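# Fold and contact review
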Amino acid sequence: SGVCEKNPYVSTCQSFFPFSLQVKSQFESQANTNCVVFTAIAYKTQVVAGTMYYIKVQVSNAEYVHLKVFESLPHENQGPSLVSFQTGKTRDDPLTYF
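Criteria and cut-off values
- Residues numbered from 1 in each chain as written.
- Predicted model: local features only at pLDDT ≥ 70, side-chain atom pairs only at ≥ 80, totals over all residues.
- Heavy atoms only, no water.
- Core = buried A, V, L, I, M, F, W, Y, C linked by side-chain atoms within 4.5 Å.
- Buried < 20%, exposed > 50% of the residue type's maximum accessible area, 1.4 Å probe, protein only.
- Helix = DSSP H or I, 4+ residues; strand = E, 2+ residues; numbered from the N terminus.
- Expected span 1.5 Å × (residues − 1).
- Arc of directions from axis to C-beta.
- Contact = heavy atoms within 4.5 Å.
- Phe/Tyr/Trp six-rings, centres within 6.5 Å; stacked < 30°, edge-to-face > 60°.
- Polar contact = N/O pair within 3.5 Å; in protein donor to acceptor, adjacent residues only side chain to side chain.

### Focus on the nonpolar core
- Counting residues in hydrophobic clusters, the biggest one holds 14 residues, and the most contacted among them are Phe-27, Phe-38, Ile-55, Val-57, Val-59, Leu-67 and Val-69.
- Mapped by element, the contributors of at least two residues to this core are α2 (20–31), β2 (39–48), β3 (50–58) and β4 (64–72).

### Thoughts on α2
- The terminal C-alpha atoms of α2 lie 16 Å apart, and with 12 residues this matches the ideal 16 Å at 1.5 Å per residue to within 8%.
- Residues Ser-20, Val-23, Lys-24, Phe-27 and Glu-28 constitute the buried set of α2. Along the long axis of α2, the arc covered by the buried residues comes to 135°, so they all point the same way.
- Lining the buried residues of α2 we find β4 and β5 (81–89).
- Remark: Asn-32 follows α2 within two positions and exhibits a positive phi of approximately 55°.

### Some words on the packing of aromatic side chains
- Counting across every chain of the model gives 4 aromatic pairs.
- The interplanar angle of 85° and the centroid separation of 5.0 Å between the aromatic rings of Phe-27 and Phe-85 together place this pair among those described as edge-to-face. Here the residue Phe-27 occupies a position in helix α2, and Phe-85 occupies one in strand β5, the gap between them amounting to 58 residues.
- Owing to a relative accessible area of 2%, Phe-27 belongs among the buried residues under this scheme.
- Each ring, one from Tyr-54 and one from Tyr-97, has its centre 5.3 Å from the other, and the planes form 85°; the classification is edge-to-face.

### What about the side chain of Lys-24?
- Along the chain, the position of Lys-24 falls in helix α2.
- One polar contact links the side chain of Lys-24 to the main-chain carbonyl oxygen of Cys-35, over a distance of 3.1 Å.
- The residues touching Lys-24, leaving out its near neighbours within four places in the chain, are Cys-35 and Phe-38.

### A few points about unusual backbone geometry
- Look at Asn-32: it is not a glycine, yet its phi comes out positive at around 55°.
- Position of Asn-32 among the secondary structure elements: in the loop between α2 and β2.

Now the structure itself:
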């Protein structure tokens, strides 16, 4: 299945990304860091047995991370799960599969 690229507008991404607090806590735990800023600025989706989200998130003035988040099908009644992440990204780095 393909990737659906969304326009990188903050308001669009933030409204799309309602589970950001759950994912933020998972990221902070796995990366052993605390983020003062956690703003989704762009995302792609891939439909699998649920939805895989690839999300570019601003975590400081100049630092960005790419998150891979899995959301299961609604009937499975599970929250979003952070699958993996890439740190050290910039605003201009392309958001790709990983």
